[in-house]
Amino acid sequence: MPYDVFIDSFGARWQDAPPPRYRAAVLAINLTNALLNPPNDPALADAIARQTGRDAGVRDYLLATPGAARIIDDAVHEVTALRAATDAYHPIQLLVNCWYGRHRAPAIADAIGRRLKEAGAAVAVTHHHIDRPPVPRKHPRPDCPFCAIIRDGAPATIAREWTDALAIVPRRGGCTEGHLLVLPKAHVADFTTDPVVSATVQLRAAELAQELGGQWNYVTSCGPDATQTVFHLHGHLVPRTAGDTLALPWTRPTREQEPTR
């Protein structure tokens, strides 16, 4: 069956956008910073995270969010106008993305698809990342010392602050003069939990190191066996100089230090 409109929902976080449809004119809706309406109850938010935008309760909650109706109306209007200006041999592709492709984008994509079908268009809706594993919510943790600094103003020497991250001096001074910790403002356990947040923290660390100049190690850990002691993602930004005698955690022992086998 030939389609007039292809609607593809996806998650920007995965960096795996849908390929272009053959000979299609392309429109896009970016919801990464739109319709952000999480429930106040963390337990409810976690339950919703395990569902998708195709579950009735989540779908209805999202479509009732202020601004959703306007986004849908504008998209239907734009697609309809573009269809009228495009010959029958060129379909329309509408790309709809949110961060993870599980909630906002599928709900909005389906709603637009329903409206276009009611208007007589032949529409195919595809959800590319809806079945990816849910990412844990990023609520502050009451037992986390870094959340206490970020959310509660606990004492800390802040070297730099961004909208999404913080650079602080370790409480005991660090390994070398100038040692800093770069951590996200959202609570994320370690660098494997959310690749987007991990990439943001390293981006901020790189910006800061470039600005300060010199030579650096950037080290982050996942799990106690990998030397992690505070389970809120953080990167150690450690300035290095020749002869500073600082051994990295993965430095192998010399032959004289190796145990006898």
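Placed above this text is the structure.
In this text, all values refer to a predicted model and were calculated from it rather than measured experimentally.

Colleague: Describe the packing of aromatic side chains, listing the residues and the values that go with them.
Modeller: Taken as a whole and assessed by the stated rule, the structure comprises 1 aromatic pair. For Arg13, the ring lying beneath its charged end belongs to Trp14, and the centroid distance is 3.9 Å. Sitting above the plane of the Trp14 ring, Arg132 keeps its charged end 4.8 Å from the centroid.

Colleague: Summarise unusual backbone geometry; cite the residues concerned and give the values.
Modeller: Of note in this structure, Arg23 is not a glycine but carries a positive phi near 65 degrees. By the element assignment, Arg23 lies in the loop between strand S1 (5-11) and strand S2 (25-30). Overall, Arg23 belongs to the partly exposed group, its relative accessible area being 43%. Backbone geometry places Thr245, a non-glycine residue, at a positive phi of 60 degrees. Considering the arrangement of structural elements, one finds Thr245 in the segment after strand S9 (235-240). On the basis of relative accessible area, Thr245 is assigned to the exposed category, the value being 75%.

Colleague: Go over the nonpolar core, please, and point to the residues and values.
Modeller: Membership of the largest hydrophobic core comes to 25 residues, with the highest contact counts inside it found for Ile7, Leu31, Val96, Ile108, Ile112 and Leu116. Those elements giving two or more residues to this core turn out to be S1, S2, helix H3 (68-85), strand S3 (92-98) and helix H4 (104-118). Those residues in contact with Ile108 that sit more than four places away from it in its chain are Leu31, Leu35, Leu63, Ala68, Ile71, Ile72 and Val96.

Colleague: Requested: an account of the pattern of salt bridges, with residues and values cited.
Modeller: Across all of its chains, the model carries 13 salt bridges by this definition. When the shortest N-O distance is used, the salt bridge between Glu207 and Arg204 registers 3.1 Å. With Glu207 and Arg204 both in helix H6 (residues 195-212), this residue pair falls 3 residues apart, about one helical turn. The exposure class of Glu207 is partly exposed, given its relative accessible area of 32%. If you follow the salt bridges from partner to partner, you end up with Asp164, Arg204 and Glu207 in one network.

Definitions and cut-offs
Residues numbered from 1 in each chain as written. Predicted model: local features only at pLDDT ≥ 70, side-chain atom pairs only at ≥ 80, totals over all residues. Heavy atoms only, no water. Phe/Tyr/Trp six-rings, centres within 6.5 Å; stacked < 30°, edge-to-face > 60°. Lys NZ or Arg CZ within 6 Å of the ring centre and 35° of its normal. Helix = DSSP H or I, 4+ residues; strand = E, 2+ residues; numbered from the N terminus. Buried < 20%, exposed > 50% of the residue type's maximum accessible area, 1.4 Å probe, protein only. Core = buried A, V, L, I, M, F, W, Y, C linked by side-chain atoms within 4.5 Å. Contact = heavy atoms within 4.5 Å. Salt bridge = Lys/Arg side-chain N within 4 Å of Asp/Glu carboxyl O.

Keep in mind these values describe shape, not function.
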